[in-house]
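# Reading the structure
Listed below are the residues making up each chain.
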Amino acid sequence: EDKVVQSPLSLVVHEGDTVTLNCSYEVTNFRSLLWYKQEKKAPTFLFMLTSSGIEKKSGRLSSILDKKELFSILNITATQTGDSAVYLCAVLNQAGTALIFGKGTTLSVSS
Amino acid sequence: DARVTQTPRHKVTEMGQEVTMRCQPILGHNTVFWYRQTMMQGLELLAYFRNRAPLDDSGMPKDRFSAEMPDATLATLKIQPSEPRDSAVYFCASGTQGYTEAFFGQGTRLTVV
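This one's a predicted model, so the numbers in the text were calculated from it and none came from an experiment.

Cut-offs applied
- Residues numbered from 1 in each chain as written.
- Chains lettered and ligands numbered in written order.
- Predicted model: local features only at pLDDT ≥ 70, side-chain atom pairs only at ≥ 80, totals over all residues.
- Heavy atoms only, no water.
- Disulfide = S-S within 2.5 Å.
- Helix = DSSP H or I, 4+ residues; strand = E, 2+ residues; numbered from the N terminus.
- Pairing = 2+ DSSP bridges.
- Axes fitted to C-alpha atoms, helices over the stretch in contact; angles between N-to-C directions.
- Buried < 20%, exposed > 50% of the residue type's maximum accessible area, 1.4 Å probe, protein only.

## Description of the state of the cysteines
- Scanning the entire structure with this criterion turns up two disulfides over all chains.
- Between the sulfur of cysteine 23 of chain A and that of cysteine 89 of chain A lies a disulfide, 1.9 Å long from S to S. Here cysteine 23 of chain A and cysteine 89 of chain A share a disulfide; its torsion about the S-S bond, -65°, makes the bridge left-handed. You can see cysteine 23 of chain A sitting in strand 3 (residues 19–26) and its partner cysteine 89 of chain A sitting in strand 9 (residues 85–93), a full 66 residues away along the chain.
- The disulfide that involves cysteine 23 of chain B links it to cysteine 92 of chain B, with 1.9 Å between the sulfurs. The S-S bond linking cysteine 23 of chain B to cysteine 92 of chain B shows a torsion near -55°; that makes this disulfide left-handed. Highlighted residues: cysteine 23 of chain B in strand 3 (residues 19–24) and cysteine 92 of chain B in strand 9 (residues 88–95), separated in sequence by 69 residues.

Structure (structure tokens):
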């Protein structure tokens, strides 16, 4: 059965800290891995990763994929209170018919 | 501003009643996902449509749930009869067949009492 496991489940940090969120997966016929940020409402897209070792970066957020070890990390540097959210990792199968989500990591950034 | 639109945003209903949730995917998107989100289970995939055809609904309880796309601008998820354990937020997401990211609607928060 396909599965996506995220760790830690929750994290509390102070503003300015750097955090690393983890996502490991077991998916038949992997196509890509996606990261989403969910605040109070709908998940919003952050990154899509398809190739190993190529870092995607957007501002203070960056992510990288390791297809050999079947995991990805999401880094957030100089965290701000606005980064407080649930971060979701999802894996898409090759056929594009299943986007399987992990349970998420709840990040709380205190000022 | 292209977005996925879901209606209603909130629904409270009594056990045994029929519930219909609607989703308007982004114009031009030909793939639609339905998800259910709860605290315990997170985001669970219920159904997947491509070009209006249901390609995968294995995550959906067949006895009471049904999903359809009567046309390219409307996807529906129906629960009949509803039960308290169906209480959750139901999300619709749309994307393109070449597949980049899936865009989520704001969700329908369903409460069955």
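## Digging into the sheet that holds strand 8 (residues 74–79) of chain B
All names here are of chain B.
- If you trace the four strands from one edge of the open sheet to the other, you get 1-3-8-7, paired in antiparallel fashion. Since the sheet does not close on itself, it has two edges, and those belong to strand 1 (5–7) and strand 7 (65–71), each with one partner. With direction set aside, neighbouring strand axes in the sheet form an average angle of 20°.
- Two strands pair when backbone bridges link them, and strand 7 and strand 8 are joined in this way by five bridges, in the antiparallel orientation. Across the sheet, residue aspartate 71 finds its bridge partner in strand 8, namely leucine 74.

## Concerning unusual backbone geometry
All names here are of chain A.
- Backbone torsion omega between serine 7 and proline 8 reads -10°, so that peptide bond is classified as cis.
- Here proline 8 is to be found in the loop between strand 1 (3–7) and strand 2 (10–14).
- With a phi close to 45°, alanine 78 is a non-glycine residue in the positive phi region.

## A few points about the pairing of strand 9 of chain B
All names here are of chain B.
- A large share of strand 9 lies buried, amounting to eight of its eight residues.
- With seven bridges connecting them, strand 4 (residues 31–38) and strand 9 associate as antiparallel partners. The partner of tryptophan 34 across the bridge, within strand 9, is cysteine 92.
- Relative to strand 11 (residues 108–112), strand 9 runs antiparallel, the two sharing three bridges. Among the inter-strand pairings, tyrosine 90 is bridged to a residue of strand 11, identified as threonine 108.
- Pairing of strand 9 with strand 10 (residues 103–104), which is carried by two bridges, proceeds in the antiparallel orientation.

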